[in-house]
Amino acid sequence: QVQLVESGGGLVQAGGSLRLSCAASGRTFRTYGMGWFRQAPGKERELVAAISWSGGSTYYADSVKGRFTISRDNAKNTVYLQMNSLRPEDTAVYYCAASRSPYSTVTTRSADFGSWGQGTQVTVSS
């Protein structure tokens, strides 16, 4: 199992930016695909963005395309989510997750992720 710790959440006004970080430890981070999910109160958890183990492929939910960017720094065992032009509807707890299998391409199924962080709150005020 890989241990994941998110940071960077907070309160921001609409139109602002935040960068979330997810530090990984416990196994070979660079060989696993990563994802960022979010869950708002009363809503199901949804995949926001994902990145392959190499960083060569990415996926974005339609709701964040053009505003969010996922990236990874394998030398630092860290994955990032740069969030720009934030909207009140982006308010949620954001979780990072690592894929179950190494050397996987971009995966968009929650069941394909086997390790999860504790989450970080993002609140966007209008």
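Quick note: structure is the one above.
The sections below set out a description of the structure shown in this document. (Residues numbered from 1 in each chain as written. Predicted model: local features only at pLDDT ≥ 70, side-chain atom pairs only at ≥ 80, totals over all residues. Heavy atoms only, no water.)

Focus on the packing of aromatic side chains
Link 1 in the chain: Per the counting criterion, the structure on display carries four aromatic pairs.
Link 2 in the chain: Seen from their ring centres, Phe 37 and Phe 113 are 5.1 Å apart, and the 85° between their planes marks the pair as edge-to-face. Pair noted here: Phe 37 is in strand β4 (residues 32–39) and Phe 113 is in strand β10 (residues 113–116), with a separation of 76 residues, a long-range link. The exposure classification of Phe 37 matches that of Phe 113, with both residues buried.
Link 3 in the chain: Over the ring of Phe 37 we find Arg 45, and its NZ or CZ is 5.7 Å from the ring centre. (Phe/Tyr/Trp six-rings, centres within 6.5 Å; stacked < 30°, edge-to-face > 60°. Helix = DSSP H or I, 4+ residues; strand = E, 2+ residues; numbered from the N terminus. Buried < 20%, exposed > 50% of the residue type's maximum accessible area, 1.4 Å probe, protein only. Lys NZ or Arg CZ within 6 Å of the ring centre and 35° of its normal.)

Quick word on the state of the cysteines
Link 1 in the chain: Under the defined criterion, the tally for this structure stands at one disulfide.
Link 2 in the chain: Here Cys 22 engages in a disulfide with Cys 96; their sulfurs sit 1.9 Å apart. Across the S-S bond linking Cys 22 and Cys 96, the dihedral sits near 45°, which makes this disulfide right-handed. With Cys 22 in strand β3 (residues 18–25) and Cys 96 in strand β9 (residues 92–102), this pair connects stretches of sequence that are 74 residues apart. The residues Cys 22 and Cys 96 share a single accessibility class, namely buried. (Disulfide = S-S within 2.5 Å.)

What to know about the nonpolar core
Link 1 in the chain: Counting residues in each nonpolar core, the largest one holds 29 residues, and the members touching the most others are Trp 36, Leu 81, Met 83 and Tyr 94.
Link 2 in the chain: Elements with a contribution of two residues or more to this core: β3, β4, β5 (46–51), β7 (68–73), β8 (78–83), β9 and β11 (120–125).
Link 3 in the chain: Excluding its chain neighbours within four sequence positions, the residues that come into contact with Met 83 are Gly 16, Ser 17, Leu 18, Leu 20, Arg 67, Phe 68, Tyr 94 and Val 122. (Core = buried A, V, L, I, M, F, W, Y, C linked by side-chain atoms within 4.5 Å. Contact = heavy atoms within 4.5 Å.)

Take it as geometry only, folks, not as evidence of what the structure does.
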